[in-house]
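Architecture at a glance
The residues making up each chain are set out below.
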Amino acid sequence: MKILTDGKKKLNTNGKSDINTGGRSNGLIKNSDKAKPKWEYSKSIEDKKHIKLKDKYDLFIGGKWVKSKKYFNTINPATEEVLAQVAYASDSDVDKAVRSAEKAYDKVWSKMAPKERGKYIFRIARIIQEKAREFAVIETMDGGKSIKESKTVDVPLALAHFFYYAGWADKLKYAFPGRKVSSIGVAGQIIPWNFPLLMAAWKIAPALACGNTVVIKSAETTPLTLYKLAEVIEEAGLPEGVVNIISGDGKTGAAIVGHPKTKKIAFTGSTEVGKIIMRQTAGTGKKLTLELGGKAANIIFEDAPIDAAIEGIINGIYFNQGHVCCAGSRLLVQESVKEIVIKKLKHRLTSLRVGDPLDKNTDVGAINSLMQLEKIKELVQAGINEGAEIYQSKCDLPERGYFFRPTFFSEVAQSHRIANEEIFGPVLSILTFRTPSEAVEKANNTFYGLSAGVWTDKGSKIFKTLSKLRAGVVWSNTYNKFNPASPFGGYKESGFGREGGRQGLDAYVV
Ligand code: ADP
C-alpha cells in the first residue's frame, strides 16, 4: 500500500510524519484512517513526583560541583519543556577535569588494592539499583524513550555492567593469562544521546576496574542521568577526581581527545566524528576504541518462525525509536515469504503504541531532538523520492513534542539512500533475496559492520550464515539482546575495540 495524500508523495511539514492526517483533538494529532484499533489503553502515567532534579547543574570535577562560564538548557523532547540548565565545559574546564583525574590516578586509584577498587564499583552498582526508578524516569524525560524501556533495559543493564566489572577488578590476572597488564592513566570518554546512563556504565565500569580514572562527557541533549550518576559517585564516597563528569558539545569532546594527559579515548557516536577522532589521535600514542554507526541486516529466511521474526523485526527497528546503532534497520526477507512478512508487519504496527514516553503502555516514545526529527524526515523523503514504497503506522501522535510514526519501506533497492545511510529513527528498509548466498552478499554490502540478525528454523543455516557475516554481533532468532558479559563492537566503519565482557577490559590496560 502506498501512503499518498492527494496524490502527493510528500511528508507534511508540521513537525510530524502525519501522512494521512485528519484533524486534531485532545492534544493528539488524529489520524483518520479506519484501520486503527477500535479501543485504546487507559493512560498509566509513571509518577515523577519522587524524582529530584536541580534547576541548574554544575560540572562534577575533583569530587566537587564546579561552576562554568556558560550554561545551556536540556529539554524534554516529548513536551519541549526545559528540565534544567547544565554547564557547558570550556577548554579550561576540560583541563581542570583531566588534571584532577590525573592527580587521582597518580595519588590514589592506581595505587589502591584492586579488591578495594572493586568495592567502590560494587557500591556504585548498588546505589543505582536503589535509585533505579528515579534514574528511569529522568532518562525517559531527558531522552524521550519509553519508561517501559528505561525501566527494563537502560537502568538494569547499566547497573549490571557495574556489578559485572566490579567482580573483575581483583581478577585481572585471569582475564589476561600469561600477560602482565597495567592500567593506562586518564581515560577520556565521550558518549552519545541514545543510551546515556548505559553508555556511561559501559565506559566507566571497565575503566575503573582496570585502575584508570575518568573524564566523561555526556551528549548535548541528554546530560541529566550522568549528573545523577555523579551524585551516586559522591554518595559511594569515591576518592575525589576518580570520576569527573562534564557536559558540553563537540568542542568539549575535541578538547578531551586533544588533551595531552588523556591516555585513552573511548568514543561512541557517529562514524563522521569517529573519523575526526582517529585523525586527531593518530601518532599521539593514545589508545583508542570507537563504537560508531550501523546499518544492520536482519535476515529472515523462508523457514523462519515468522511470528517470532515479526517481533524480532519490531524490536530490531522500533526499540528506542530506532535510535540504536545496532538497530535491525535493513530487513532482508526471502522472496517466498515477503508478502506474508509485510502483511503481518502492517498488522503488528496497528498495536504498536506511540506517545507519551512516561505512559507505561507506550512502546515508541519521542524522537530525541528536533534536529534528529528533521534528519529522519529528510531521509524518509529521500526514500519516497527514490521510488521505495512507504507504509506508516496509523496511530495518533501527541500534538506537542517530537514524534514520528513507525514507518517501513518496501521495494527498496540497494542503491537507495535509505538502504545505505543510518536513519537512526523508527524507519525500516525492506529488501529481498532469493538464495542464502545472496542474503549474505547483500547483508555485507555496507560500509558498516556492527550487528546482524538471522532468522531460520535450521541451526546449521544459522552457523553457516553467521560465519560469513561481517558484523561484530550477530543475533539468531532474536534481536537486540544485551548482557554485560557479552562483548559488543564493530567491523569496518562501525569502529573497533570491544565493550562488555572480558574483552571489554582489554581496552583499558596496556
Ligand atoms: P550524533 O550525530 O548521533 O549526535 P555525534 O558523533 O555527533 O553523534 O556525537 C556523539 C558525541 O560526540 C556527543 O557527545 C558529541 O558532543 C561528541 N562530539 C561531537 N563532535 C566531536 C568531536 N569533534 N570530538 C569529540 N567529540 C565530539
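As the structure is a prediction and not an experimental result, all values here were calculated from the model. (Residues numbered from 1 in each chain as written. Predicted model: local features only at pLDDT ≥ 70, side-chain atom pairs only at ≥ 80, totals over all residues.)

Right, let's talk about the overall build of the protein for a bit. Scanning the protein from N- to C-terminus turns up 16 helices and 21 strands. By the compact-globule yardstick of 24 Å for 510 residues, the protein fits well, its C-alpha radius of gyration being 23 Å. Overall, the C-alpha framework of the protein stretches about 70 × 50 × 40 Å when taken along its three principal axes. Burial status across the protein gives 55% buried among its 510 residues. In the protein, once contacts between residues fewer than 6 apart in sequence are set aside, the share between residues at least 24 apart is 72%. (Helix = DSSP H or I, 4+ residues; strand = E, 2+ residues; numbered from the N terminus. Rg over C-alpha atoms; globule rule 2.2 N^0.38 Å. Buried ≥ 20, exposed ≤ 12 C-beta atoms within 10 Å, placed from the backbone. Contact = placed C-beta atoms within 7 Å.)

The next subject is helix H11 (residues 338–350). Between its first and last C-alpha atoms H11 spans 19 Å; for 13 residues at 1.5 Å apiece the expected length is 18 Å, and the two agree. Listed in full, the buried residues belonging to H11 are Val341, Leu345 and Leu349. End-on view of H11: buried residues confined to an arc of 70 degrees, all on one side of the axis. Exposed residues lying more than 90 degrees from the buried face of H11 are Glu339, Lys343 and His347. Contacts made by the buried residues of H11 are with strand E13 (297–300), helix H10 (306–318), strand E14 (330–334) and strand E17 (407–410). (Expected span 1.5 Å × (residues − 1). Arc of directions from axis to C-beta.)

Lining the immediate surroundings of the ligand are 16 residues, of which Gly250, Gly253, Gly269, Ser270 and Val273 lie closest. At the level of secondary structure, the elements contributing two or more residues to the shell around the ligand comprise helix H8 (250–258) and helix H9 (271–281). With four residues, H8 is the single largest residue contributor to the shell around the ligand. (Near = placed C-beta within 6 Å.)

For Gly495, the position within the fold is in strand E21 (residues 495–496). Between the C-alpha atoms of Gly495 and Leu469, which are 26 residues apart in sequence, the distance is 16 Å. When near neighbours in sequence (up to four residues on either side) are disregarded, Gly495 contacts Gly274, Leu290, Glu291, Leu292, Gly489 and Gly490.

The three strands are arranged E3-E7-E6 in an open sheet whose pairing can be described as mixed. The outermost strands of the open sheet, each flanked by one partner alone, are strand E3 (56–57) and strand E6 (70–75). Where E6 lies against strand E7 (residues 82–88), six bridges are found, and the strand directions are antiparallel. Bridge pairing links Ile75 to Val82 in E7. (Pairing = 2+ DSSP bridges.)

So, about the packing of helix H3 (residues 132–143) against helix H7 (residues 224–235). Axis separation between H3 and H7 bottoms out at 9 Å; the angle between their running directions is 155 degrees. Taken together, the axes of H3 and H7 are roughly antiparallel relative to one another. Between H3 and H7, the residues in contact are Phe135, Ile138, Glu139 and Asp142 and Leu224, Thr225 and Lys228, respectively. (Axes fitted to C-alpha atoms, helices over the stretch in contact; angles between N-to-C directions. Parallel < 35°, antiparallel > 145°, perpendicular 65-115°, else oblique.)

This part covers the sheet that holds E14. The strand order E15-E17-E18-E14-E13-E19-E20 describes an open sheet built from seven strands, whose pairing is mixed. Every other strand in the sheet has two partners, leaving strand E15 (389–392) and strand E20 (473–476) as the edge strands with one partner each. Neighbour-to-neighbour, the strand axes of the sheet open up by a mean angle of 20 degrees, direction not taken into account.

Each α-helix turn comprises 3.6 residues. Residues three or four places apart therefore point the same way. The set of residues buried in H8 consists of Thr252, Gly253, Ala255, Ile256 and Val257. Elements in contact with the buried residues of H8: helix H1 (91–109), strand E8 (186–190), strand E9 (213–218), strand E10 (243–247), strand E11 (262–268) and H9.

In this structure, Ile121, Phe162 and Ala209 are the most contacted members of the largest nonpolar core, which totals 87 residues. Looking at which element gives the most residues to this core, the answer is helix H6 (residues 196–209), with eleven residues. Beyond its immediate stretch of four places on either side in the chain, Ile121 contacts Phe162, Tyr165, Ala166, Ala169, Ala205, Leu208 and Ala209. Counting residues in hydrophobic clusters, the runner-up holds 66 residues, among them Cys326, Ile418, Trp455 and Tyr479. (Core = buried A, V, L, I, M, F, W, Y, C linked by C-beta atoms within 7 Å.)

Our next topic: the packing of helix H2 (residues 114–130) against helix H4 (residues 147–168). Relative orientation and spacing of two packed helices are given, respectively, by the angle between their axes and the distance between those axes. Where H2 contacts H4, the axes come no closer than 8 Å and their chain directions differ by 160 degrees. In terms of orientation, H2 and H4 fall into the roughly antiparallel class. The handedness of the crossing between H2 and H4 comes out as left-handed. Facing H2, whose interface residues are Gly118, Ile121, Phe122, Ile124, Ala125, Ile128 and Gln129, H4 presents Ala158, Leu159, Phe162, Phe163, Tyr165 and Ala166. Partitioned by chemical class, the residues of the contact of H2 with H4 number eleven nonpolar, two polar and no charged. (Left-handed = near helix turned anticlockwise from the far one by under 90°. Nonpolar A, V, L, I, M, F, W, Y, C, P; charged D, E, K, R; others polar.)

Once that is clear, we can look at unusual backbone geometry. Positioned with a positive phi, Glu411 is a non-glycine residue whose angle comes to about 55 degrees. Mapped onto the elements of the fold, Glu411 is located in the loop between E17 and helix H13 (417–420). Phi angles above zero are rare outside glycine, and Lys492 is one such case at about 45 degrees. Inspection of the secondary structure assignment puts Lys492 in the loop between E20 and E21.

Another aspect to go through is the domain arrangement of the protein. Each assigned domain of the protein is listed here: domain 1 (56–292 + 494–508) and domain 2 (294–476). In this structure, domain 1 and domain 2 have C-alpha centres spaced 30 Å apart. Contact residues are listed per partner, giving 17 residues for domain 1 and 26 residues for domain 2. Elements with a contribution of two residues or more to the side of domain 1 that touches domain 2: H3 and H4. The dominant element in the side of domain 1 that touches domain 2, judged by the number of residues it contributes, is H4, at three residues. In the side of domain 1 that touches domain 2, the residues fall into four nonpolar, eight polar and five charged. (Domains from an automatic or database assignment.)

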